[in-house]
Amino acid sequence: MRVYIAILLLGVATKVTASVPDLKGTKELCHSSAKLFEKGKMKDLADTLVPHWPINQEEINKLVHQGISQFELFTFRSGSALGTEFIGTRKAGSSFVMHTYAIKFEYHAMRYNCIFYKPKNEWVVNTINWDGKLEPLFNQ
C-alpha cells in the first residue's frame, strides 16, 4: 500500500508572513519539516511551514489530520522511524526548487519532498508531499 499526500494551493490562501530569502533557507526549512515529520509531529510541522506558505486554514487542518492518519498507518507497517537522510536538490528554471529527503524506518523508507516557488525576490512553500515511491530517489 502506498501512502501519498500532497497539499496544493486550493481555495483562498492566507498571507505569507515570512518568506525565505535564499536557497539555503529553503533547504533548512525543508530539513526542519522533514525532522518533524519523522517524529510524527504533524501539528508542529504545519506550524513551522505556515508562515512561509500561502495556504488557508482548511488545508492546514487537512494536512494535520491526514498526516497523522497516514503516519500512524505507515509506522504500523514499517516500524519505528530511524532518521532522515538528505537525497538531493533539483531546480526548475529560476522560480522552483525541490529538496528531497528519505525518512527511514525499520522496514521501509518514505520519500519527503518540499517544493518552493520564487514569485518575485523571495521563496515561499508551494507544495509538501510524501509517499512510499522510492524509485524517483535514483533520479536525484
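Residues numbered from 1 in each chain as written. Predicted model: local features only at pLDDT ≥ 70, side-chain atom pairs only at ≥ 80, totals over all residues. Heavy atoms only, no water.

Points about the state of the cysteines
For the record, the criterion: Here, a disulfide means two cysteine sulfur atoms that sit within 2.5 Å of each other. Labels follow the DSSP assignment, with helices taken as runs of H or I lasting at least four residues and strands as runs of E lasting at least two, numbered in each case from the N terminus.
One pass over the structure, following the stated rule, counts one disulfide. A disulfide bridge connects Cys 30 with Cys 114, and the sulfur atoms are separated by 2.2 Å. An S-S torsion of about 85 degrees defines the bridge between Cys 30 and Cys 114 as right-handed. Here Cys 30, found in helix H1 (residues 23–38), pairs with Cys 114, found in strand E4 (residues 109–117); they are 84 residues apart in sequence, far enough to count as distant.

Remarks on the packing of aromatic side chains
Note the following rule: Each Phe, Tyr or Trp ring, with Trp reduced to its six-membered ring, pairs with another whose centre is within 6.5 Å; inter-plane angles below 30 degrees give stacked pairs, above 60 give edge-to-face pairs, and intermediate values give tilted ones. Each residue is assigned to one of three classes by its accessible area relative to the maximum for its type, calculated with a 1.4 Å probe on protein chains only: buried under 20%, partly exposed between the two thresholds, exposed over 50%. Counted as over-ring charges are cases with an Arg CZ or a Lys NZ within 6 Å of the ring centre that also lie within 35 degrees of the ring normal.
As enumerated under the stated definition, the model contains eight aromatic pairs in all. Arranged with centres 5.5 Å apart and planes meeting at 85 degrees, the rings of Phe 37 and Phe 71 form a pair that is edge-to-face. One end of the pair, Phe 37, is in helix H1; the other, Phe 71, is in helix H3 (residues 57–78), and 34 residues separate them in sequence. Note on Phe 37: relative accessible area 1%, which makes it buried. Exposure remark for Phe 71: the relative accessible area of 11% places this residue in the buried category. Members of the aromatic cluster, joined through ring pairs, are Phe 37, Phe 71, Phe 74, Phe 105, Tyr 112 and Trp 130. The ring of Phe 86 is capped by Lys 27, whose NZ or CZ atom sits 3.9 Å from the centre of that ring.

A look at H1
In plain terms, the rule: How far a helix is expected to stretch is found by multiplying one less than its residue total by 1.5 Å. Pairs of residues are marked as contacts when any of their non-hydrogen atoms sit within 4.5 Å.
Spanning 16 residues, H1 covers 22 Å between terminal C-alpha atoms, matching the ideal 22 Å at 1.5 Å per step. Gly 25, Thr 26, Leu 29, Cys 30, Ser 33, Ala 34, Leu 36, Phe 37 and Glu 38 are the residues of H1 that are buried. For H1, the elements touching its buried residues are helix H2 (42–49), H3, strand E2 (81–92), strand E3 (96–105), E4 and strand E5 (124–131). At the C-terminal side of H1, Gly 40 shows a positive phi close to 75 degrees.

Comments concerning the pattern of salt bridges
Basically, it comes down to this: A carboxyl oxygen of Asp or Glu within 4 Å of a side-chain nitrogen of Lys or Arg is what we treat as a salt bridge.
Taken as a whole and judged by the stated rule, the model has seven salt bridges. Here Glu 58 makes a salt bridge to Lys 62, at a shortest N to O gap of 3.6 Å. Placement of the pair is Glu 58 and Lys 62 together in helix H3, with a separation of four residues, close to one helical turn. Residue class for Lys 62 comes out partly exposed when judged on its relative accessible area of 35%. The closest approach of N and O atoms between Lys 62 and Glu 59, which form a salt bridge, is 3.5 Å.

A closer look at the side chain of Ser 78
Relative to the helices and strands, Ser 78 is located in helix H3. The contact partners of Ser 78, leaving out residues within four places of it in the chain, are Phe 105, Glu 106, Tyr 107 and His 108.

Focus: the confidence of the model for the protein
Counted only if it meets this: pLDDT: the predictor's confidence for each residue, scored from 0 to 100.
Across the protein, the average pLDDT comes to 86, with 88% of residues at or above 70. Taken as a whole, residues 1–13 scores under 50 in pLDDT and shows 43 contacts with residues more than four places along the chain or in a different chain.

Describing the side chain of Asn 113
Quick note on the threshold: The term polar contact refers here to a pair of N or O atoms within 3.5 Å; inside protein, the definition further demands a hydrogen-donor-capable atom paired with an acceptor-capable atom, and it admits residues adjacent in sequence only when both atoms are side-chain atoms.
Summarising the element assignment, Asn 113 is placed in strand E4. A relative accessible area of 3% means that Asn 113 is categorised as buried. Within the local environment of Asn 113, its side chain forms a polar contact with the side chain of Thr 100, the two groups lying 2.7 Å apart. With residues near it in sequence (within four places) discarded, Asn 113 still touches Met 98, His 99, Thr 100, Thr 127, Ile 128 and Asn 129.

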